[in-house]
Amino acid sequence: MRKSLTIWQKTDCGTTPGNQSLRTKSWKEQGSMCILHDKEDLSRLEMVQRLAKDGCRFLQNQGKGPERMSEPQSDEAVRVCVRERGHDVLVLQRVSSQQPAPSASARGGGREETRNGRYVVVSGTPEKILEHLLNDLTLDEEQGTTQGKESDTLLDDFLLTYPVFMSTSDLCQALLGHYCSKRYRGKEDRKEALERKRKVLHLVSQWVSLCRDFLREDEHVKLFMKTLCRYVLDDLYEHPALEKDVRELQQLYQLQHRHTSEEYSPQRKSKMLFHQLSLKENGLTPRGTQRESKEVLCHVYITMDSYLSMKAHVSVVAQELLQAAADRMDVPQGELVLVAVTYTGGRLLLQPHDRVFSDSSRPVGRLHVCRKDLGEVLNPFTDNSELQQRTARMLSLNTWDVAVALSNFDWTIFDSVHEQELVYFTFSRHCGSSHTVALELLLQRCDEVQLWVMTEVLLCSMLCKRVQLIKKFIKIAAHCKAQRNLNCFFAIIMGLNAAAVSRLSQTWDKIPGKFKKLFSELETMTDPSLNHKAYRDSFKKMKAPKIPFIPLLLKDITFIHEGNKTFHDNLVNFEKLHMIAETVRLIRQCQRDHMGNGITQKSSSEVRGYIDYLHIIDNQETLFELSHRLEPRA
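Rules behind the numbers
- Residues numbered from 1 in each chain as written.
- Predicted model: local features only at pLDDT ≥ 70, side-chain atom pairs only at ≥ 80, totals over all residues.
- Heavy atoms only, no water.
- Helix = DSSP H or I, 4+ residues; strand = E, 2+ residues; numbered from the N terminus.
- Buried < 20%, exposed > 50% of the residue type's maximum accessible area, 1.4 Å probe, protein only.
- Contact = heavy atoms within 4.5 Å.
- Areas by Shrake-Rupley, 256 points an atom, 1.4 Å probe, with all protein chains shown as cover.
- Expected span 1.5 Å × (residues − 1).
- Pairing = 2+ DSSP bridges.
- Axes fitted to C-alpha atoms, helices over the stretch in contact; angles between N-to-C directions.
- Phe/Tyr/Trp six-rings, centres within 6.5 Å; stacked < 30°, edge-to-face > 60°.
- Lys NZ or Arg CZ within 6 Å of the ring centre and 35° of its normal.
- Parallel < 35°, antiparallel > 145°, perpendicular 65-115°, else oblique.
- Left-handed = near helix turned anticlockwise from the far one by under 90°.
- Nonpolar A, V, L, I, M, F, W, Y, C, P; charged D, E, K, R; others polar.
- Core = buried A, V, L, I, M, F, W, Y, C linked by side-chain atoms within 4.5 Å.
- Arc of directions from axis to C-beta.
- pLDDT = per-residue confidence, 0-100.
- Salt bridge = Lys/Arg side-chain N within 4 Å of Asp/Glu carboxyl O.

J.: Provide a residue-level description of the overall build of the chain, including the pertinent values.
T.: Along its length, the chain carries 26 helices and 15 strands. Counting the 634 residues in the chain, one finds 51% classified as buried. Considering only contacts in the chain between residues 6 or more positions apart, those separated by 24 or more positions represent 69%. With the model as given, the accessible surface of the chain reaches about 30,200 Å², and the carbon-plus-sulfur share is 49%.

J.: Lay out helix H18 (residues 486-497) with the relevant residues and their values.
T.: Since the α-helix advances by 3.6 residues per turn, residues separated by three or four positions end up pointing in the same direction. Its 12 residues place the ends of H18 16 Å apart at the C-alpha level, agreeing with the 16 Å of an ideal helix rising 1.5 Å per residue. Burial analysis of H18 places 10 of its 12 residues in the buried class, which makes it a mostly covered element. Those residues of H18 not exposed but buried are Leu486, Asn487, Cys488, Phe489, Phe490, Ala491, Ile492, Ile493, Gly495 and Leu496.

J.: Residues and numbers for the sheet that holds strand S12 (residues 366-371), please.
T.: In spatial order, the strands read S11-S10-S12-S8-S9-S15; together these 6 strands make up an open sheet with mixed pairing. Two strands bound the open sheet, and with one partner strand each, they are strand S11 (347-349) and strand S15 (613-617). Averaged over all pairs of adjacent strands, the angle between strand axes in this sheet comes to 35°, irrespective of strand direction. The pairing of strand S10 (residues 336-341) with S11 spans 3 bridges and is classified as antiparallel. Within S11, the position partnered with Val341 by the bridge is Arg347. Packing of helix H11 (residues 318-329) onto the sheet brings it into contact with strand S8 (295-301), strand S9 (306-313), S10, S12 and S15, and relative to S9 it is tilted by some 130°.

J.: Account for the pairing of strand S7 (residues 118-124), naming residues and giving values.
T.: Where burial is concerned, most of S7 is hidden: 6 out of the 7 residues are buried. Note that S7 and strand S14 (residues 571-573) share 2 bridges and pair antiparallel. Note on S14: the bridge partner recorded for Gly124 is Val572.

J.: Residue-level account of the packing of aromatic side chains, with values.
T.: Taken as a whole, this structure holds 13 aromatic pairs when the rule is applied. With 5.2 Å between their ring centres and 90° between their planes, Trp452 and Phe473 make a pair best called edge-to-face. Of the two residues, Trp452 sits in helix H16 (residues 437-458) while Phe473 sits in helix H17 (residues 463-482), which places them 21 residues apart along the sequence. Residue class for Phe473 comes out buried when judged on its relative accessible area of 0%. Note on Phe490 and Phe549: the rings are 4.1 Å apart at their centroids and 10° apart in plane angle, and the pair reads as stacked. Pair noted here: Phe490 is in helix H18 and Phe549 is in the loop between helix H22 (529-541) and helix H23 (550-563), with a separation of 59 residues, a long-range link. Relative accessible area serves as the criterion here: at 8%, Phe549 is assigned to the buried category. Through pairs of rings, three or more aromatic residues link up here, namely Phe158, Tyr162, Phe165, Trp207 and Phe224. Over the ring of Phe409 we find Arg445, and its NZ or CZ is 3.7 Å from the ring centre.

J.: How would you explain the packing of helix H14 (residues 399-414) against H17 if you had to name every residue and give the values?
T.: Direction vectors running N to C along H14 and H17 enclose 50°, while the axes themselves pass 8 Å from each other. Put simply, H14 runs oblique to H17. For the pair H14 and H17, the sense of crossing is right-handed. Touching Thr399, Trp400, Val402, Ala403 and Leu406 of H14 are Lys472, Lys475, Ile476, His479 and Cys480, all from H17. Of the residues belonging to the contact of H14 with H17, the class tally is 6 nonpolar, 2 polar and 2 charged.

J.: I'd like a description of the nonpolar core, backed by residues and values.
T.: Membership of the largest hydrophobic core comes to 139 residues, with the highest contact counts inside it found for Phe158, Trp207, Leu406, Trp452, Phe473 and Ile492. Broken down by element, this core gets its largest block of residues, 13 residues, from H16. Those residues in contact with Phe473 that sit more than four places away from it in its chain are Met394, Trp452, Val453, Glu456, Val457, Ile492 and Leu496. Counting 25 residues, the second-largest nonpolar core is a separate cluster that includes Val316, Leu321, Ala324 and Leu350.

J.: With reference to specific residues and values, describe helix H8 (residues 243-252).
T.: Considered for burial, the residues of H8 that qualify are Asp245, Val246, Leu249, Gln250 and Leu252. Seen along its axis, H8 keeps its buried residues to an arc of 160°; they face one direction.

J.: Give me the packing of helix H3 (residues 126-136) against helix H5 (residues 168-179): which residues, what numbers.
T.: For the pair H3 and H5, the least separation of the axes is 11 Å and the interaxial angle reads 45°. Considered as vectors, H3 and H5 are oriented oblique to each other. Note that H3 runs across H5; the crossing there is right-handed. Across the interface between the two elements, Glu127, Leu130, Glu131 and Leu134 of H3 pack against Leu171, Ala174, Leu175 and His178 of H5. Residues that form the contact of H3 with H5 fall into these classes: 5 nonpolar, 1 polar and 2 charged.

J.: Break down the confidence of the model for the chain for me, with residues and values.
T.: Here the chain shows a mean pLDDT of 77. Residues at 70 or above account for 71%. Scored below 50 in pLDDT, residues 60-72 makes 13 contacts in the model with residues more than four places away or belonging to other chains. Between residues 255-293, whose pLDDT stays under 50, and residues either more than four places distant or in other chains, the model counts 66 contacts.

J.: Help me get a handle on the side chain of Asn487, residues and values and all.
T.: Here Asn487 shows up in helix H18. With relative accessibility at 1%, the residue Asn487 sits in the buried group. Asn487 has contacts with Leu442, Cys446, Ile547, Pro548, Phe549, Ile550 and Pro551, leaving out every residue within four places of it along the chain.

J.: How would you summarise the pattern of salt bridges if you had to cite specific residues and measurements?
T.: For the structure on display, the rule yields 20 salt bridges. One salt bridge connects Asp245 with Arg198, and the closest N-O pair in it is separated by 3.8 Å. With a gap of 47 residues between them, Asp245 in helix H8 and Arg198 in helix H6 (residues 190-215) connect regions that are remote in the sequence. Taken individually, Asp245 and Arg198 each receive the classification buried, so the pair is uniform in this respect. With a shortest N-O distance of 3.3 Å, Arg371 and Glu335 are connected by a salt bridge. One end of the pair, Arg371, is in strand S12; the other, Glu335, is in the loop between H11 and S10, with 36 residues separating them in the sequence. Overall, the relative accessible area of 37% leaves Glu335 in the partly exposed class.

Dropping the structure here:
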């Protein structure tokens, strides 16, 4: 009978609690009617039924051509189109659930229940998508948590991608509207009202837990938090079961809980709430606390085309950066000053205790190290004999320790990347804002490691040492792969494959055969053919935690974004957003360490000091000039 479902409409006959019914029209038998008696199945259509009671019309989806009419319809082919005031507002599709519902016997008796089918969102207006999401949630009677993989996935899809089609302010207003809804007043009993409120509170809990870092500075969220807490406290008298939710809200927003919920009386609740909110105006963690712990990659230029890349706190002062640069360059700090070249071309001499980064985590200008006596930048990187001597230091480092230090550096950044950053980055809703700081940092690090490999090889003037350097980088790349750091692995291979390095035929001819073979095997994994099949197959087999190649992940998301419309006939294309959410969830899966397969290991302080401050030439013309100087064209 389910295979023939294509149109849902409100039944004309009456229903009874033990025998609810809903009529459908068949593709094969136009005009004949079927009646569903499965109460569990009908419960999944709560929202559809309520809309029907409000006079909404349910229209046939025209996605299937006439040539398919004679074929039996599967559950997956059934779609429901909801129309209000002459416009489509929601399209649902029936899917067969693989997740069994909690059995009644587990709750104290009764027969075991199974989910025979449910409806997922295909497209719709933001408000109707949220409404369906809340109706689709099922709460465990004792735990108050959602049950069912599909419901959790739909909730996660919505929370990860809602910024694409809905502002945070609109979401806050919609959630308050659902919590305080009077739409069904007189038609729902206290149990139904309580369940609706708890579903809203559960969604809020999941939202804050998932997106906390993005909500800290949002004034709409602060006001929403205070208003929702007030509403929940007001409902305690009528719904004592919300007591647990009150405590969870206060814990989530870190409200000062000076009184237990048992102490609230209908007369005191509003007064107590006002007292609590007065004690701590902002329920979210203060911005300053989080901001002071944020780290960024800082570029300190020592020539016009080369810089030191170092990881620093956003609260770093000029003296700290100058000391680190002086140590790395083996130059007394007293001989150097730090100058910021502003974006308008002006020069600003930074005093020792001046902050380097502004409130937006952006440097005050391009930072240059200058000599006090000259007032200009140092001699060109390529002509500075002192800096070129560092090749010997690089060759003295253990390759495994270098790979460990690189992986530890990358992991500290990757572990702070949030899945939603990829959504913001792809849709460019907050380009250059704090929403994508960690992601941009990881992308920047990938580029810098690639340039670092090129810089080290091309600054080595002796052929024999250059051969040793390339052998060392091949081994480091292999170690990064073994440590499941594919982002750094790709960067090193791309650095060795860069035109300025790969053209050094005399150098590559001296590489031993076993290293050439190893490099060829590593290159195979970076082969882009068949949509990077070699990389994808190998990456799937790796245990978590692991660091994916971030540029390819962003390419996948961009492909989904550009290949599918975000809106269809003014309805949000939620199928597209589901595909994007599925892709960005890879970040979460890669960060998990359920089996104790930790990616971080200890490395020596000498190696860490070297890896934390990389010398980099970021000018391609300079790199090619170096390459032709080492091996001129024939």
